[in-house]
Amino acid sequence: MGNRQMKIGLWFYGLGTALTGILDIAWGGFDGSHQPIQSLSKNVSGQYILAYVAGVWLVAGGLAILWRRSEKIGAAASAIAYLIFMALWLPRYSAGIHAYGWRIDVLLGISFGLVQQLMLAAPAALIYTSSASAGSVLQQRTAIAVRWMLGLPPIVFGLFHLAAIRVFASIVPQWMPFGNFWAVLTGVAFILAGIAICSGVKDVLALRLLALMLLLFEGLVEIPPIFVRLHNQATWGAAVYNLTAIGACWIFAESLASRADRGRIGAAKNAGISRSDRVVA
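We now turn to the structure provided with this report. (Residues numbered from 1 in each chain as written. Predicted model: local features only at pLDDT ≥ 70, side-chain atom pairs only at ≥ 80, totals over all residues. Heavy atoms only, no water.)

**Examining the overall build of the chain**
Within the chain one finds 11 helices and zero strands. Its C-alpha atoms give the chain a radius of gyration of 21 Å, near enough to 19 Å, the size a compact globule of 281 residues would have. Referenced to the eigenvectors of the C-alpha coordinate spread, the extents of the chain come out at roughly 80 × 45 × 35 Å. Put simply, the chain has 281 residues, and 49% of those count as buried. Considering only contacts in the chain between residues 6 or more positions apart, those separated by 24 or more positions represent 73%. (Helix = DSSP H or I, 4+ residues; strand = E, 2+ residues; numbered from the N terminus. Rg over C-alpha atoms; globule rule 2.2 N^0.38 Å. Buried < 20%, exposed > 50% of the residue type's maximum accessible area, 1.4 Å probe, protein only. Contact = heavy atoms within 4.5 Å.)

Have a look at this one:
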C-alpha cells in the first residue's frame, strides 16, 4: 500500500486503533459504547486485566500497520480485536428483546454498535491482502467482502438516525438551529452513501464524502465534549472511533481508485498494442 493518498488513510486507521488501545490502558477498562464486555456478565472476572491486554494488543496492532514490513501482522491483530468487539454486541439482541420487546429502535441501536466494529475490521482485510498480485482472485474476493463490510454500516447508521431523531438532534451543537433537520439530513446522507458503496455506483465519491462528513462530525460533535467531560472514556472513545472510521473509508476509496486507474492504464496499453498490430499488418 504505497500510494501516498492511501498512506493518509493508513495513518488515520493505524493511529486510531493505537489510541483506542491507549484509552483502554489509561482507564483500565473497556469503553462500553464500543467494547460492551458487560454483555457477557455485569461483573467479568479480571476485567481490568483483559482491558490492559486488549489495550496493548490494539496499540501494537495499530502501530504495526504504519510500517510496511509489519502491516500484515498489524492488520490481522486489528481485525481480530474489532471482530471480537463486534461479537460482544450479539448477546445484546437477546437482552434488548427480553427487556423492550421487538422494538425497531432497540434493534437498530444494537445493530448500530455491532456494525461500527464491522466497519473497522474491513480495511484490515484490504491491508492484509495488499501484497497479493493485482487482480488476483484473493484481492477480488476481499474487495467484494470489504465493499459490504463498509457499505452496510452507513445504512444502519442512517436508519438508526431516522428511528431516533430526537436522540441525534440532542447532540447537534447548540449554536446550530433545527437539530431535527440535521439529524434527518445526516441519516439520509448515511443511507445514500451506504447504497452507493454496496452498489458500486459512484462508490469512490461516496466513500470520500463519507470520510469528509465524519471529519466534520469530529470537529463539530465529537471533540468539543471532551473539554467538558475530560475524564469520560466514552467521550474520548467516540472521537477516536471517528478517526479510525475516517481511515477505513479513506483506505477503501483509494484502493478502488487505484484499481480503476490500473484498469484504464491496462485498457490504454491494449488499445495501443492493437493499433500497432494493425499498422504492422
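**Some words on helix 5 (residues 104-128)**
A rise of 1.5 Å per residue sets the reference length of helix 5, with its 25 residues, at 36 Å; its end C-alpha atoms lie 36 Å apart and thus fit the reference within 8%. Most of helix 5 is tucked away, with 21 of its 25 residues classed as buried. (Expected span 1.5 Å × (residues − 1).)

**A look at unusual backbone geometry**
A positive phi angle, close to 60°, is found at Phe178, a residue other than glycine. Considering the arrangement of structural elements, one finds Phe178 in the loop between helix 7 (165-169) and helix 8 (179-199). On the basis of relative accessible area, Phe178 is assigned to the exposed category, the value being 64%.

**Remarks on the pattern of salt bridges**
For the structure shown, the criterion picks out four salt bridges. In this structure, the salt-bridge partner of Arg68 is Glu71, at a minimum N-O distance of 3.9 Å. Given the relative accessible area of 58%, Arg68 is considered exposed. The buried category is assigned to Glu71, whose relative accessible area is 6%. Residues Asp105 and Arg103 are paired through a salt bridge, measuring 2.6 Å at the closest nitrogen-oxygen approach. (Salt bridge = Lys/Arg side-chain N within 4 Å of Asp/Glu carboxyl O.)

**Here we look at the side chain of Thr129**
When you line up the elements, Thr129 lands in the loop between helix 5 and helix 6 (137-163). In terms of polar contacts, Thr129 uses its side chain to reach the backbone carbonyl oxygen of Ala125, at 3.0 Å. (Polar contact = N/O pair within 3.5 Å; in protein donor to acceptor, adjacent residues only side chain to side chain.)

**Observations regarding the nonpolar core**
Counting 63 residues, the largest nonpolar core has Leu210, Leu214 and Phe252 as its most contacted members. Of the residues forming this core, the biggest block, 14 residues, is contributed by helix 5. With sequence-adjacent residues up to four places away left out, Leu210 is seen in contact with Met119, Pro154, Phe190, Ile197 and Cys249. (Core = buried A, V, L, I, M, F, W, Y, C linked by side-chain atoms within 4.5 Å.)

**Here we look at helix 3 (residues 71-87)**
Here helix 3 contains 17 residues, and its C-alpha end-to-end distance of 24 Å stays within 8% of the 24 Å for a straight helix at 1.5 Å per residue. When we look at burial in helix 3, the residues that qualify are Glu71, Gly74, Ala75, Ala77, Ser78, Ala79, Ala81, Tyr82, Phe85 and Met86.

**With respect to the packing of helix 2 (residues 47-65) against helix 3**
Close contact between helix 2 and helix 3 brings their axes to 7 Å; oriented N to C, the two are set at 140°. Judged by the angle between their axes, helix 2 and helix 3 are oblique. The handedness of the crossing between helix 2 and helix 3 is left-handed. In contact with Trp57, Leu58, Gly61, Gly62, Ala64 and Ile65 of helix 2, helix 3 contributes Glu71, Gly74, Ala75, Ala77, Ser78, Ile80, Ala81 and Phe85. For the contact of helix 2 with helix 3, a count of residues per class yields nine nonpolar, four polar and one charged. (Axes fitted to C-alpha atoms, helices over the stretch in contact; angles between N-to-C directions. Parallel < 35°, antiparallel > 145°, perpendicular 65-115°, else oblique. Left-handed = near helix turned anticlockwise from the far one by under 90°. Nonpolar A, V, L, I, M, F, W, Y, C, P; charged D, E, K, R; others polar.)

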